[in-house]
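Each chain, written out:
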Protein chains: 2
Amino acid sequence: MATAMNTIRDQDLVELLRARGHRVTSQRLVILRELRRRATHCTAEEIHAAVRESLPGTATPTVYATLDLLVDLGLVRRIDAGGPALYDARVEPHQHAVCRGCGGVYDVDGRLHAEPLLRAAREAGFNPDGAELIISGLCERCAGQTRESA
Amino acid sequence: MATAMNTIRDQDLVELLRARGHRVTSQRLVILRELRRRATHCTAEEIHAAVRESLPGTATPTVYATLDLLVDLGLVRRIDAGGPALYDARVEPHQHAVCRGCGGVYDVDGRLHAEPLLRAAREAGFNPDGAELIISGLCERCAGQTRESA
DNA sequence: ATTGGTGCAAATCCTTTGCAATAGC
DNA sequence: GCTATTGCAAAGGATTTGCACCAAT
């Protein structure tokens, strides 16, 4: 089922699964591929719809379980931005901006410098392994509408 | 209904509501007071239970609507940490750490320096008005259990 | 007197659970 | 063959909606 093009990209998932004693299943491969194909965050539902095309029988709980696993393996970021959870396989350092008006989520490129806070967490007995920044505000369109209606 | 002690603290809410053309209701006062009394983040459900004691008939949708409004007014922070939304009226600069194991949310004192990212967002046409950092990892207890079971 | 807020009931949305069948090791 | 993973159906929990009544301005 794996094409030559995808084999290289699938490699890291296969190795991580084996290393952790998990099984390599087509659902897992297809779901990660789908997340990587779209270079943006998407919901479990969107992934489910896309995955159905290559793997018609795929069930909702499988999608959720797999997304959880991919997050655990560190291959996917989970973004909690108020609505349904978003999943993101984009690897470049970037954060997310959420519009208070329309709920849209936008990428903001740039590295997050949270070392002092991670250190503070560590000193308080917490073992951090990552951090997510959510910027909130108004997107261009919603800011414009607010101004017009005021 | 307002006691002398609370009047001072309620003042900012009353003024903000008036300024924005909203009405001053006892539900709004009581919900904000409750959030301020507990110096930690809590769920809508917890607030609801607490508010029922002084305002027995209070309905779920009222609690949600009021919390939304308080967040809009900038008096309360909303924290999306994977489970039910948390609301926090603590004013000292601090962020939150969420345990992957038990889901617990802990305060991490310290100011967040996200100016470069906020600037990047602004340059991309977004109008930021705040940012929330969620640190993820394992709390002391869960980290211990993982080690034991390994 | 107006109309924004509230309470109630019910709906909706997202996510998880329980269990039998399947497929990876 | 053993057991993790899957699919299916259904439950569960959080939040929102629609509408009638109430109460702040």
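Residues numbered from 1 in each chain as written. Chains lettered and ligands numbered in written order. Predicted model: local features only at pLDDT ≥ 70, side-chain atom pairs only at ≥ 80, totals over all residues. Heavy atoms only, no water.

**Regarding helix α4 (residues 60-72) of chain A**
Here's step 1: Its 13 residues place the ends of α4 of chain A 19 Å apart at the C-alpha level, agreeing with the 18 Å of an ideal helix rising 1.5 Å per residue.
Here's step 2: Just downstream of α4 of chain A, glycine 74 of chain A is the residue with a positive phi angle, here 85 degrees. (Helix = DSSP H or I, 4+ residues; strand = E, 2+ residues; numbered from the N terminus. Expected span 1.5 Å × (residues − 1).)

**Topic: the sheet that holds strand β1 (residues 42-43) of chain A**
Residue and element names in this part refer to chain A.
Here's step 1: Read from one edge to the other, the open sheet built from 3 strands follows the order β1-β3-β2, with strand pairing classed as antiparallel. Every interior strand has two partners, whereas the edge strands, β1 and β2 (77-79), have only one.
Here's step 2: Examined bridge by bridge, β1 and strand β3 (residues 86-88) share 2 bridges and lie antiparallel to one another. Each residue of the ladder has a partner; that of threonine 43, found in β3, is leucine 86. (Pairing = 2+ DSSP bridges.)

**A look at the packing of helix α2 (residues 26-37) of chain A against helix α3 (residues 44-54) of chain A**
For any two helices packed against each other, the geometry comes down to the angle between their axes and how far apart the axes lie.
All names here are of chain A.
Here's step 1: The geometry of α2 relative to α3 is characterised by a closest axis approach of 10 Å and an angle of 120 degrees between their N-to-C directions. Classed by the angle they form, the pair α2 and α3 counts as oblique. Seen along the crossing, α2 lies across α3 with a hand that is right-handed. Contacts between α2 and α3 involve Val30, Ile31, Glu34 and Leu35 on the former and, on the latter, Ile47, Ala50, Val51 and Ser54.
Here's step 2: Residues that form the contact of α2 with α3 fall into these classes: 6 nonpolar, 1 polar and 1 charged. (Axes fitted to C-alpha atoms, helices over the stretch in contact; angles between N-to-C directions. Parallel < 35°, antiparallel > 145°, perpendicular 65-115°, else oblique. Left-handed = near helix turned anticlockwise from the far one by under 90°. Contact = heavy atoms within 4.5 Å. Nonpolar A, V, L, I, M, F, W, Y, C, P; charged D, E, K, R; others polar.)

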